[in-house]
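# What the coordinates show
Below are the chains, spelled out letter by letter.
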Amino acid sequence: MTSRKMSFFEMWRSKKERGELLKRANQLRLRPPQLRRLLGDSGVRAALKNTRMASLLPPVGTEVFRRLTPASLRKIQQQHEDEEMELQTRKRSKEVTENDQPKPASDLEAGKPLPFFYGNPPPELQNTPLEELDPFYQSQKTFIVLSKDNIIHRFDAERACYLLSPFNPLRTVAIKILTHSLFSLFIMVTIMTNCVLMTMCHPPGWSKTVEHIFTAIYTFEAIMKVVSRGFCVNKFTFLRDPWNWLDVMVIITGLLTEFVDFGKVSVLRTVPRVLKIIPVIPGLRMTVGALVQSLKGLASVIVLMVLCLSVLALIGLQLFMGNLKSKCVILWPESTGIHYNESINNSINYYFLPHQYDALLCGNSSDSGRCPEGFTCLKAGNNPNYGYTNFDSFGWSLLSVVRLMTKDFWENLVQMTLRAAGKLYMTFFVLVVFPGCFCVLSLTVAVVAMASSERDEDAVTKLKQREEDFGRILEAIKRREEEEQAACRAALSPEPDGENTESMDGPDKDQRSCPPCWSVFADCLLKWNCCGCWRWLKQGLYIFTTSLFFELGVVICLILNIIFTCMEHFPMTEHFERMLSEAQLVFTMIFIAEMVLKLVAMDPYGYFQVGWNIFDSIIVAISLLELSVVVSLRLFVVMRVFRLARWWPSFHMLIKVIWTSVRALRNLCLFLLVMVFIFSLVGMQLFQQDYKEHVCRIAIDCQLPRWHMNDFFHSFLVIIRALCGEWIDITWDCMEVSGPTTCLIFFLMVLVIGNLLVLNLFLTLLLSSFTTDCLEDPEEEEKSNLQIAIRQINRALGTLLGKNNHVNPSHPEVDTKEVSRKKYLDSTFVASNQPVSEVKDLICDHGNLTSDSQCVSYANEEKTPEDEEEKEKRRHPEIQQHEDSDDQIGDTPEDCCSDKCYHCCPFLDVDTSHGRGRVWSNFRRACFSIVQHKCFKGIIISIILLSSAALVFEDIHLQHRQVLNMVLERADQVFTCFFLIEMILKWIAFGLKKYFSDAGSWVDFLILQVYLVSLAADTFGFSEVGAFQSLRTFRALGLLRVISRIPGPKVVVQALVRTGPSMFNFLLVSLVLWMVFSIVGVNLFAGKFQYCFNETSEEIFLSEDVNNQSDCLFLMFENFTEVRWKNAELNYDNVLNGFLTLLHLGASSDCSDVMYSAVDTTWVDSQPVYDSNMYMYLYFICFTICNFFTFNYFIRVIIDNLQRDKSAVKPIFMTKEQQEHGRTFTTRLMKPQKLAPRPQNCFQAQLFDLVTNRGFRVVMAVVICLNMVTMMVETDQQSQETDTILYMLHFVFIVIFFTEFILKIIALRKHYFTDGWNILDFVVISVSIIGLFFQDLLEKYFCSPSLVIVLRVVHIFRIFYSVRGIGKLLNAFMMSLPALFNIVLLLFIIHFTSSIFGMLNFAYVKREYMIDDMFNFETFGSSMICLLMMSTSASWGGLLSPMMKSSPDCEPDMENPGSVIRGNCGSPAVAIVFLVTHICLTFLLVVHLYIAVILETFKSEDAETLSDDDFQMFYKTWKKFDPEASQFIQYSELSDFCDALQDPLRIPKSTPIKLTHMDLPLLPEEKIHCSDVLHALSTQVLGDSGKMNAFKAKMEEKFMANLSKMSCEPISSTLQGKQEDREHVLQQRDDKETAVESEGGGGGGGVSAPHCSSL
């Protein structure tokens, strides 16, 4: 049986152990004496006789590496012929099967390095044909060649091309050339040079000659491969390697393009040339192969994704067909002579918004968009975005759904669709984005994560095997040495001592890293030991520089330097700028002095041994260079911020993760870069000419847009932007200039392949074991020197203030800890390049730094999950108390106040045993019973919901609805009274101490204060005061009180709160990292985002008209009132603005405005010039890459906290009740549905067999698919004939479905309505029949009947559910529904609260950018739509800009009719806090949504299982064949018995091979036992999985408790009996042939075979 699959948290917990194993396995080496003993000592070989490597080692006394000679080749050929004859003989006698044949050794595959136990070959044998080492190939006529680094190359020993033997000089030379490292380097340089030349959009004249040279080199390489390997006949020949097909393609395309012009097809010449770099770079080929293998697991997700996208596209087709053509058109009177069709088809008559290329859309429903006065909403013209954005056909609808799934500029599609169809259809997009696309994407992430984890597990398994082999070898060598020492203990010769001396000195010689000349140079110049005074000075400076307070001073200076760097802004006064320059000079001198002191104290030799010191010296050198030259190098000095990582563990971990991952995943990163390069090159060559010729189609001025593919750099930027999720608008331009087909294929390939590679890289980085640093609790982190110094300062301050210190300040361990921690911190940077053993020795050698138990934990690498859980429970002893606190609440209230209150105010301590105290105690008990009652909680939740619902109506229209306004005021007073009563009751019941110790009670208390203050302000007439108006907006937080009263969201909030410390740490690290980019942005772009703007035309002046700010001010002084010098809302004028801009870049899917402002920058106070600074795009690319690693670190923090909660047995996303319900639901879901009883009537029984047959379901599924296909062919402008044909087909399908309904209702009778699928069919067929007669009525008041028919497509899920893999994914998603419900409910509460808050604060902001007449904060519905779009990484900059408007960009004194609020300005501070908080919370919850699905997918099982009914059915059927209950039946009755069973245990008679493969134990008299049969049938259903153990135990418990097996051993098995029968038949046949040959044709009788029941 296979081992149990590791769960996600078990895999996550074992990451550190796997990482340590990886490091150890890569350091396994045998010393020369050990290697000689392994290869030459027969005793060691005898000890390794039964191990895996025994067959791989050569015989004792023979050479490991032997040249291939003619004699050895003849021996191999003879051995090959003998084994072929033996194999043919065994195959004829059926003695060998496919699985019994020998297989190649995985350690000796071609392309892998030689295993460690072979040692290194002599230098003269490298690149030379050698005899085979793999026993599998030793008789296959092959030989190997070892190249540099002992890489194995395997060749066929047959004549290459039937001409060249392995000893032919020409072939020998070809082999040496091919396997030489310089030849590979030469080919790599050639490929890279060719790639560089291919990036030229205008190649020079000599490029043709260079192309000929490249083709000649590639041809020479192919000739070398053919000469050395042969062409195609044998296994290791040229064409048998698929990577060599690239050589053929390169040569053929290179020759053909010289004579034939293929046009765009010639781009196929580019791809093979770039892909040739994959087999050349070591390791990249294996990485690509592993990625291709992992794609097999995505088959089920791809099927599921295509199905979901098709269903959603079909729904969109039925809902919005032709809607996006509705425009605002001006209709001219008939008297003007303009015809109606001419009027609606002329774009001049459409209404356009400023700077919009498409006309304003509209609709005729009550909640759709309205046209301006004088315009009419009509269906006219083309669709938006060159006609490519629509739902008019299935293809375009599918493209729109793919756009929604990738969430690329999807808010624009939503706005256009809702404007044309109505806001009610927002539900469709919510369903598409969240349950639809979210389900598919999350399952895709889960499957890719599982594939990445499986790859890592396979690698770890091989490493474990390698480490075990190494351990066995060392153990065998050690045992052999002990035996020899015991044998010759009496008389020891000096030879063993010499051998031991050699074995001890060997490693030192091997580990010597420096040549003698360099050691002499270091002793003379890098080690300063002049005299005694100098050494005394060094010792004193060393103590000073390694002291705690020196490091504290350095950190303080570093922080002050960062603060002064962040103070740069625009504009700065000359005095302030001079002050900053002087401060920077002072800090530079301080850090120079630090470096000089450390150089003197440690010598250059010791100083540069520490990586952090090297980094410090580089920064100091750059600072000195900046002081000496005019060029500003401030951007490089900013890197000084990274010095904080030396004292900040979390920051250090992030940097280490980035560095380690780039090194460990270099092959995957390199392959991603190769694919980006290929797509960039192909895009340029495909569409370069089209952009030149048809640019006027996409640009009015016929100038190339910002995103095009006219050159390689722009093409590269386009691919990077597409990988970042912004691809649709580039695709529109491409389709307009080059045609839809080519562009769609190209960009969809970029989207799929690129995102799959990025996802693989992200998850491999997250789940792989090379990043072994797990996040630890803050309490368990090692204290740094900085923390020790701060602690000592606090202790000193406490002593000065007279506080008692219980810690002895003169602790003897302090000095030791200082030195130990110093060495530990200094080693952290170099740890990535050191062996793990050295780091562990360094840590464990200093007992004061880490305890002995910690050192022991390093030795004990294997830890079970149970040990981790017990450890977590011991660390958190309050967990069980917290979990049982609700159960332990009795009817006795706690004390009202704390002990301090009773001590200060003794009169509060009342005797409750008699008198008034007893009355008070009884009253508190009564109040306690009230507040603990379920009805009280339900009433309070209802009041909270009602009070929150009342806030929905407080929109801009409330002042015009006086009655509603009065009702809401009274309701607000009533709600306030209820909440006040609740608080008083809880104060009395729980007491003030317990009430204010609960976070939920604090939320209730604070929100109630808002209600009370608002009520008081209304009562006393201060409601119009600004402060009270602002305070009233916090009533929107009222719904948050529900969280503490509903268990589901409460569990999620508790999980989020527990991540608080780690999240805060991550936030600080991210802010520091973003601060670097913000400082760089300030230095690059401060004061450069300003521009001269014409407010009348709403256009920016060209740089030819206005060059700088002075020119713009001159126009303003000339009374051009419409001219203004403006600044972009998102800019880098200071570090805080830079943070906001970076947040927009990182959290928004559309950050083009910021990038365009950056690439147009010239100088400070200058007018921007179009694309004048193109390479500023690299700044944003670097920031995106940094965000990639930061987000990975963020996911690590979340998963590590969830794993800690799991170990502490805390609920994750689900309450205990939901977990129980989930298990029950899973049992029901996985339990096969019980079929209706078969009717007794013959006719009904036949119909029952028909409708319950799987084939019938498949046929109906095919009919449903055909029905969907007929619906897919519908288009917006189809002909009348098409309408008629589709209507007739629709009628035919209704007849078929109605016939199915009649057949099922007759066959199943009343049981028809016990199945949910049948109920769905009944509803669909009913609506379809009604739609034939009342279609217009249904479309007006309900929905289109065609839309209801689409629901039948879910039947396909029923078919796919039984498919292995898809059923597992669906089960995982169903199992995650309780957790998703809790998270989505909390997400809804946050959205609701934010919508109310936005409506109360920003209802009257100026309409511009994304805020217009439909999408705004004026009403609750509009506010909800805006926040929903923003929550999915939509471009929220368009919402933020109007909300940040202030005078003069808005009118602060403008009157709003019916409202006391004046002006249409926003509040920058409130807007930033509001949107940033909402984005962070929703982003955090959406990430947890994905994690919840991934967790369930990791632990999910396939849907197929067995139930108690199946076992009962088996038992009843057995009784029919065994009426005497003997527990046995004859083997001849097995086929009848298995055919009499019901699914899923049934095996029809038509498949007897399954019975044969069951291999049942055969008892005397050819009988079989019932338990063996049941076990075999269960294995057929469940497979050989871990789930089989549970079912086997269940089977024995329920059905075998009273049965006892006969006390006899099986004499055979069914499979063995079948093989014996066949062997006997073959023997008889051979005997008969022998007799015929010997008697010359005479007949001979043979003994007949014993009878055996055959299948």
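For clarity, every value in this text was computed on a predicted model and none was experimentally measured. (Residues numbered from 1 in each chain as written. Predicted model: local features only at pLDDT ≥ 70, side-chain atom pairs only at ≥ 80, totals over all residues. Heavy atoms only, no water.)

### Looking at the overall build of the chain
The helix and strand inventory of the chain stands at 65 helices and 11 strands. In the chain, which comprises 1655 residues, the share counted as buried stands at 47%. (Helix = DSSP H or I, 4+ residues; strand = E, 2+ residues; numbered from the N terminus. Buried < 20%, exposed > 50% of the residue type's maximum accessible area, 1.4 Å probe, protein only.)

### Thoughts on the nonpolar core
If you look at the biggest cluster of nonpolar residues, it comprises 300 residues, and the most contacted ones within it are Phe651, Phe746, Tyr1132, Ile1396 and Trp1436. If near-sequence neighbours (up to four positions away) are discounted, Phe746 is found in contact with Phe679, Val682, Gly683, Leu686, Phe687, Met709 and Ile719. Tyr118, Ile144, Ile473 and Ala476 belong to the second-largest nonpolar core, a separate cluster that totals 28 residues. (Core = buried A, V, L, I, M, F, W, Y, C linked by side-chain atoms within 4.5 Å. Contact = heavy atoms within 4.5 Å.)

### Section: the state of the cysteines
Applying the stated criterion to the full structure yields six disulfides. Across the disulfide, Cys696 is cross-linked to Cys702 (sulfur-sulfur distance 2.0 Å). Taking the sign of the torsion about the S-S bond as the criterion, the disulfide between Cys696 and Cys702, at about 120°, is right-handed. The partner cysteine of Cys1092 in its disulfide is Cys1112, sulfur to sulfur 2.2 Å. Disulfide Cys1092-Cys1112: torsion about the S-S bond near 75°, hence right-handed. Separated by 20 residues along the polypeptide, Cys1092 in strand β5 (residues 1090–1094) and Cys1112 in helix α44 (residues 1109–1117) bring together distant segments of the chain. A residue is classified by how much of its surface remains accessible, and Cys1112, at 0% relative accessible area, is buried. Sequence-ordered numbering of the bonded cysteines in the chain yields a pairing of 1-3, 2-4, 5-6, 7-8, 9-10, 11-12. (Disulfide = S-S within 2.5 Å.)

### As for the pattern of salt bridges
Under the counting rule described, the total for this entry stands at 40 salt bridges. A salt bridge links Glu1418 to Arg1407; the shortest N-O distance between them is 2.8 Å. Taken together, the positions of Glu1418 in the loop between α56 (1377–1402) and α57 (1420–1431) and Arg1407 in the loop between α56 and α57 put the pair 11 residues apart, joining distant regions of the chain. Glu1418 gets classed as buried once you look at its relative accessible area, which sits at 13%. (Salt bridge = Lys/Arg side-chain N within 4 Å of Asp/Glu carboxyl O.)

### Details of unusual backbone geometry
Backbone geometry follows two general trends: most residues other than glycine have a negative phi, and most peptide bonds adopt the trans configuration. Geometrically, the link from Phe570 to Pro571 is a cis peptide bond, its omega value of -5° lying close to zero. Secondary-structure assignment places Pro571 in the loop between α21 (548–566) and α22 (574–607). Omega for the bond connecting Ser1447 with Pro1448 falls within 30 degrees of zero, at 10°, which places this linkage in the cis form. Along the polypeptide, Pro1448 turns up in the loop between α58 (1437–1443) and α59 (1468–1499). Phi is positive for Lys141, which is not a glycine, with a value near 60°. Examined against the element boundaries, Lys141 turns out to sit in the loop between α5 (70–92) and β1 (142–146). The phi angle at Tyr1409 is positive, at roughly 55°, despite the residue not being glycine. Tracing the sequence through the fold places Tyr1409 in the loop between α56 and α57.

### Digging into the packing of helix α28 (residues 728–738) against helix α29 (residues 740–767)
Interhelical geometry of α28 versus α29 gives an angle of 150° and a closest axis separation of 7 Å. Pair α28 / α29 crosses with right-handed handedness. Mapping the contact onto sequence places Ile730, Thr731, Cys734, Met735 and Ser738 in α28 and Pro740, Cys743, Leu744 and Phe747 in α29. Class assignment for the residues of the contact of α28 with α29 results in seven nonpolar, two polar and no charged. (Axes fitted to C-alpha atoms, helices over the stretch in contact; angles between N-to-C directions. Left-handed = near helix turned anticlockwise from the far one by under 90°. Nonpolar A, V, L, I, M, F, W, Y, C, P; charged D, E, K, R; others polar.)

### Notes on a negative patch on the surface
Taken together, the side chains of Glu81, Asp82, Glu83, Glu84 and Glu86 make up a negatively charged region of the molecular surface. Here Asp82 falls in the partly exposed class, since its relative accessible area comes to 40%. (Patch = residues over 30% accessible without salt bridge, like charges linked within 9 Å, V, L, I, M, F, W, Y side chains within 5 Å. Areas by Shrake-Rupley, 256 points an atom, 1.4 Å probe, with all protein chains shown as cover. Lys, Arg positive; Asp, Glu negative; His and termini not counted. Charge placed at Lys NZ, Arg CZ, Asp CG, Glu CD.)

### Here's the deal with the packing of helix α15 (residues 394–406) against helix α16 (residues 410–421)
The geometry of α15 relative to α16 is characterised by a closest axis approach of 9 Å and an angle of 125° between their N-to-C directions. One finds that α15 runs oblique with respect to α16. Residues Ser400, Arg403 and Leu404 of α15 touch α16, and the partners they reach there are Trp410, Asn412 and Leu413. Partitioning the contact of α15 with α16 into residue classes produces three nonpolar, two polar and one charged. (Parallel < 35°, antiparallel > 145°, perpendicular 65-115°, else oblique.)

### Side note on the confidence of the model for the chain
The share of residues in the chain with pLDDT of 70 or more is 77%, and the mean pLDDT across the chain is 77. By mean pLDDT, helix α33 (residues 852–859) is the weakest element of the chain at 36, and helix α27 (residues 712–723) is the strongest at 93. Segment residues 1598–1608 is flagged for pLDDT under 50; beyond a separation of four residues in sequence, or across chains, it makes 21 contacts in the model. (pLDDT = per-residue confidence, 0-100.)

### Some thoughts on helix α13 (residues 299–320)
Structural remark: α-helix, 3.6 residues per turn; residues separated by three or four positions point the same way. Helix length check: α13, at 22 residues, gives a terminal C-alpha distance of 31 Å against a target of 32 Å (1.5 Å per residue), a fit within 8%. Across the 22 residues of α13, 17 count as buried, placing the element largely inside the fold. Gly322 occupies a position one or two residues after α13 and carries a positive phi of about 80°. (Expected span 1.5 Å × (residues − 1).)

### Quick notes on the sheet that holds strand β7 (residues 1123–1127)
The strands that make up a sheet pair up through hydrogen bonds in the backbone, lying either parallel or antiparallel. Read across the sheet, three strands follow the order β6-β5-β7 without closing on themselves; strand pairing throughout is antiparallel. Where the open sheet ends on each side, the last strands, each with one partner, are β6 (1099–1100) and β7. As paired elements, β5 and β6 share two bridges and run antiparallel to each other. Among the inter-strand pairings, Phe1093 is bridged to a residue of β6, identified as Ile1100. Packed on one face of the sheet, α44 meets β5 and β7 and runs near 145° to β7. (Pairing = 2+ DSSP bridges.)

### Points about the packing of aromatic side chains
This structure, assessed with the given rule, holds 68 aromatic pairs. Here Trp707 and Tyr1177 contribute two aromatic rings whose centre-to-centre distance is 5.4 Å and whose plane-to-plane angle is 50°, an arrangement assigned as tilted. Note that Trp707 is positioned in the loop between α26 (666–693) and α27 and Tyr1177 in helix α47 (residues 1177–1207), a separation of 470 residues in sequence. An identical accessibility class is assigned to Trp707 and Tyr1177; each is buried. Three or more aromatic residues joined by ring pairs form one cluster here, namely Phe762, Phe1066, Phe1188, Phe1189, Phe1191, Tyr1193, Phe1194 and Phe1483. Positioned above the aromatic ring of Phe979 is the side chain of Arg1041, whose terminal nitrogen or guanidinium carbon lies 3.8 Å from the ring centre. Positioned over the ring face of Phe1093 is Lys1126, at 4.8 Å from the centre of the ring. (Phe/Tyr/Trp six-rings, centres within 6.5 Å; stacked < 30°, edge-to-face > 60°. Lys NZ or Arg CZ within 6 Å of the ring centre and 35° of its normal.)

### Points about the pairing of β5
Of all five residues in β5, five are buried; the element is thus mostly enclosed. Alternating residues of β5 divide into Gln1090, Cys1092 and Asn1094 and Tyr1091 and Phe1093, and every residue in both groups is buried. Direction of pairing for β5 relative to β7: antiparallel, over a ladder of five bridges. For Gln1090, the partnering residue across the bridge sits in β7 and is Asn1127. Connecting the antiparallel pair β5 and β6 is a turn made up of four residues, with Glu1098 showing a positive phi of about 55°.

### Re helix α12 (residues 284–294)
Regarding α12, the residues found buried are Leu284, Thr287, Val288, Leu291 and Ser294. Down the axis of α12, the sector holding all buried residues measures 125°, keeping them to one side. (Arc of directions from axis to C-beta.)

### Description of the environment of Thr1393
Mapped onto the fold, Thr1393 is located in helix α56. According to the relative accessible area criterion, Thr1393 is buried, its value standing at 6%. Residues Thr1393 and Leu1039 lie 354 residues apart in sequence; the distance between their C-alpha atoms is 6.7 Å. When sequence neighbours within four positions are dropped, the list of residues in contact with Thr1393 reads Ala1036, Leu1037, Leu1039 and Leu1040.

### Digging into the side chain of Glu411
Tracing the sequence through the fold places Glu411 in helix α16. Of the buried charged residues, Glu411 lacks a salt bridge, with Arg403 as the closest side chain of opposite charge at 7.0 Å. Ignoring sequence-local partners within four residues, the contact set of Glu411 consists of Met1410, Met1429, Ala1434 and Ser1435.

### So, a nonpolar patch on the surface
On the surface, Ile252, Leu255, Leu256, Phe259, Val260, Phe262, Val265 and Leu268 cluster together to form a nonpolar patch covering roughly 770 Å² of accessible area. Relative to the helices and strands, Leu255 resides in helix α9 (residues 245–259).

### Some details on the side chain of Lys225
Within the secondary structure, Lys225 is located in helix α8 (residues 207–229). In this structure the side chain of Lys225 is engaged in a polar contact, spanning 2.9 Å, whose partner is the side chain of Asp247. Once you skip the residues sitting within four places of it in the chain, Lys225 turns out to touch Leu178, Gly230, Phe238, Asn244 and Asp247. (Polar contact = N/O pair within 3.5 Å; in protein donor to acceptor, adjacent residues only side chain to side chain.)

### Let's talk about the pairing of strand β2 (residues 152–156)
Burial runs high along β2: five of the five residues are buried. Judged from the five bridges that link them, β1 and β2 form a sheet pairing that is antiparallel. Paired with Phe143 across the bridge in β2 is Phe155. If you look at the hairpin formed by β1 and β2, you'll find five residues sitting between the two strands, and Asp149 has a positive phi there, around 65°.

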